[in-house]
Amino acid sequence: MTLDYLLFDHSEGDDDTSLFEALATVGPEREAAVRAEIETVMGWAARRFRGRRGPVEEGGDWDADLDERQEGPALRSFHLSITGSAAFAEAFIAEFGGAVN
């Protein structure tokens, strides 16, 4: 799946967990498009790993955090962090690999 605004940096932890982080800063005319991409990613994770959201260290397969901030009068930043198990990371990269560094 192609993403235009969310480009994820990927890092792996010592405990077979992965972290995917994306930052998008846009003007008001692009906010809806960024929100749609966030919903696409989160919806995919919720469907693909149904009932398995929660911290990996507590037995979950994935968890996410979204931070939105107003950056001055005309820009809004979206920071999406997703942590996941090895199985989640493999599936995430298969689905969104073009948007993962």
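Shown above is the structure to which this text applies.
Engineer: I keep staring at the overall build of the chain and nothing clicks. Help me out?
Structural biologist: A count of helices and strands for the chain gives two helices and four strands. Listing the helices and strands of the chain from first to last along the sequence gives β-β-α-β-β-α. Computed over its C-alpha atoms, the radius of gyration of the chain comes to 14 Å, within 12% of the 13 Å expected for a compact globule of 101 residues. A burial count over the chain gives 41% of its 101 residues as buried. When contacts within the chain are restricted to residue pairs at least 6 apart in sequence, those whose partners lie at least 24 apart make up 58%. Counting every atom, the chain has about 5900 Å² of accessible surface; 46% of that belongs to carbon and sulfur. Across the chain, the centroid of the 9 positively charged side chains sits 8 Å from that of the 21 negatively charged ones.

Engineer: I tried to follow the packing of aromatic side chains on my own but got confused; where do I start?
Structural biologist: Geometry of an aromatic ring pair is reported as the spacing of the ring centres plus the angle between the planes. On inspection of all chains with the given rule, the structure shows ten aromatic pairs. Judged by centre distance (5.2 Å) and plane angle (85°), the ring pair of Phe8 and Phe92 falls under edge-to-face. Placement of Phe8 in strand β1 (residues 8-12) and of Phe92 in helix α2 (residues 86-96) is noted, with a sequence separation of 84 residues between them. Here Phe8 falls in the buried class, since its relative accessible area comes to 0%. Centroid distance Phe20 to Phe92: 4.3 Å. Interplanar angle 35°. Geometry classified as tilted.

Procedures and definitions
Residues numbered from 1 in each chain as written. Predicted model: local features only at pLDDT ≥ 70, side-chain atom pairs only at ≥ 80, totals over all residues. Heavy atoms only, no water. Helix = DSSP H or I, 4+ residues; strand = E, 2+ residues; numbered from the N terminus. Rg over C-alpha atoms; globule rule 2.2 N^0.38 Å. Buried < 20%, exposed > 50% of the residue type's maximum accessible area, 1.4 Å probe, protein only. Contact = heavy atoms within 4.5 Å. Areas by Shrake-Rupley, 256 points an atom, 1.4 Å probe, with all protein chains shown as cover. Lys, Arg positive; Asp, Glu negative; His and termini not counted. Charge placed at Lys NZ, Arg CZ, Asp CG, Glu CD. Phe/Tyr/Trp six-rings, centres within 6.5 Å; stacked < 30°, edge-to-face > 60°.

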